[in-house]
Amino acid sequence: MMEEQTTTHEERLEEIRKKKVAWEEAERFSDQQERPFHRYPDYVFAGFWIRFFAYLVDLLVVQALVAILIKPIFALGGINMQGNDPLTMYGFFQLLIFVGYFILTTKYTNGQTLGKMIFGIRVVCFKEEKLSWQTILIREGVGRYIGKVVAVIYLVAAFQNKKQHPIDMLCDTSVVTENSIRALQESYQ
């Protein structure tokens, strides 16, 4: 009689183990369907501080572009250059340079701005092998404008496994460190 209970108990444990394995396999398949590209371990994603310093470099580049392209024209025309309000002509052109810089550099350098290049990081999308215009326009256009108005949203990335801020989550993107990607790829070879 005791032997029957043991066998029944072992069978139940085996059944539970099989269900767990089936559930894990279903989860893996579901994740692969939702994120067919750029599936990396958490340590590959760029943290808050490296992204922050890359952003500071990008802000310097944007300010330099504004100083070279916009300020001389406004100074020669005697147009007021006070404030950053996008409702003023000067503020509008500043915003246009700011957003345009992020959109164009991210698109034409495969997910990098000058700041990201310097720090060896890159934007990747989990649903696309290469970043599409739609993804870039939302992430870099709308997202940068929202981030400029409500900068605190970038802090969310510090507490996420894949280091995503809300706009990254919306676009299903994140930022990875290129050296970690290279090391990971070399370990598979």
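From a predicted model like this one, the values you see are computed outputs, not experimental measurements.

K.L.:
Tell me about the pattern of salt bridges, and please be specific about residues and values.
P.N.:
Under the defined criterion, the tally for this structure stands at seven salt bridges. The shortest N-O distance in the salt bridge between Glu140 and Arg139 comes to 2.4 Å. Each member of the pair, Glu140 as well as Arg139, carries the same accessibility label: buried. Across the pair Arg139 and Asp168 runs a salt bridge whose closest N-O atoms are separated by 2.7 Å. With Arg139 in helix H6 (residues 133-149) and Asp168 in helix H7 (residues 166-171), this residue pair connects regions lying 29 residues apart in the sequence.

K.L.:
Let's hear about the packing of aromatic side chains: which residues, and what values?
P.N.:
On inspection of all chains with the given rule, the structure shows 14 aromatic pairs. Ring centres 5.0 Å apart and planes at 80° place the aromatic pair Phe48 and Trp49 in the edge-to-face group. Since its relative accessible area comes to 17%, Phe48 is described here as buried. Judged by relative accessible area, which is 56%, Trp49 ranks as exposed. Taken together through their ring pairs, the aromatic side chains of Tyr55, Phe98, Tyr101, Phe102 and Tyr154 make up a single cluster.

K.L.:
Break down the nonpolar core for me, citing the residues and quoting the values.
P.N.:
Formed by 22 residues in total, the largest nonpolar core has its most connected members in Val62, Val66, Ile70, Phe98 and Phe102. Mapped by element, the contributors of at least two residues to this core are helix H2 (48-69), helix H4 (89-108) and strand E1 (121-125). Ranked by residue count, the leading element in this core is H4, at eight residues. Those residues in contact with Phe98 that lie beyond four places of it in its chain are Tyr55, Leu59, Val62, Arg144 and Lys148. Core analysis: the second largest hydrophobic core is formed by eight residues, Tyr40, Phe45, Val124 and Ile181 among them.

K.L.:
Describe the environment of Val156, listing the residues and the values that go with them.
P.N.:
Structurally, the position occupied by Val156 is in the loop between H6 and H7. The class for Val156 is partly exposed, based on a relative accessible area of 29%. Here the alpha-carbon distance between Val156 and Phe48, two residues 108 residues apart in the chain, equals 8.8 Å. Apart from residues lying up to four places away in sequence, Val156 is in contact with Gln164, His165, Pro166 and Met169.

K.L.:
How would you summarise the packing of H4 against H6 if you had to cite specific residues and measurements?
P.N.:
As a packed pair, H4 and H6 sit with axes 9 Å apart at the nearest point and diverge in direction by 145°. Regarding H4 and H6, the two cross each other, and that crossing is right-handed. In this structure, H4 uses Leu95, Phe98, Val99, Phe102, Ile103, Leu104, Thr106, Lys107 and Tyr108 to contact H6, whose residues at the interface are Trp133, Ile136, Leu137, Glu140, Gly141, Arg144, Tyr145 and Lys148. Of the residues belonging to the contact of H4 with H6, the class tally is 11 nonpolar, two polar and four charged.

K.L.:
Can you break down unusual backbone geometry residue by residue, with the values?
P.N.:
A positive phi angle is found at Asn110, which is not glycine, with a value near 55°. Assignment of secondary structure puts Asn110 in the loop between H4 and helix H5 (114-119). Its relative accessible area of 38% is what places Asn110 among the partly exposed residues.

K.L.:
Mind laying out the pairing of strand E2 (residues 173-177), listing which residues take part and the relevant values?
P.N.:
In terms of residue burial, E2 counts as a mostly covered element, since five of its five residues are buried. Here E2 shows no split at all, with Thr173, Val175 and Thr177 on one side and Ser174 and Val176 on the other all buried. Pairing of E1 with E2, which is carried by five bridges, proceeds in the antiparallel orientation. Paired with Ile121 across the two strands is Thr177, which belongs to E2.

Conventions used here
- Residues numbered from 1 in each chain as written.
- Predicted model: local features only at pLDDT ≥ 70, side-chain atom pairs only at ≥ 80, totals over all residues.
- Heavy atoms only, no water.
- Salt bridge = Lys/Arg side-chain N within 4 Å of Asp/Glu carboxyl O.
- Buried < 20%, exposed > 50% of the residue type's maximum accessible area, 1.4 Å probe, protein only.
- Helix = DSSP H or I, 4+ residues; strand = E, 2+ residues; numbered from the N terminus.
- Phe/Tyr/Trp six-rings, centres within 6.5 Å; stacked < 30°, edge-to-face > 60°.
- Core = buried A, V, L, I, M, F, W, Y, C linked by side-chain atoms within 4.5 Å.
- Contact = heavy atoms within 4.5 Å.
- Axes fitted to C-alpha atoms, helices over the stretch in contact; angles between N-to-C directions.
- Left-handed = near helix turned anticlockwise from the far one by under 90°.
- Nonpolar A, V, L, I, M, F, W, Y, C, P; charged D, E, K, R; others polar.
- Pairing = 2+ DSSP bridges.

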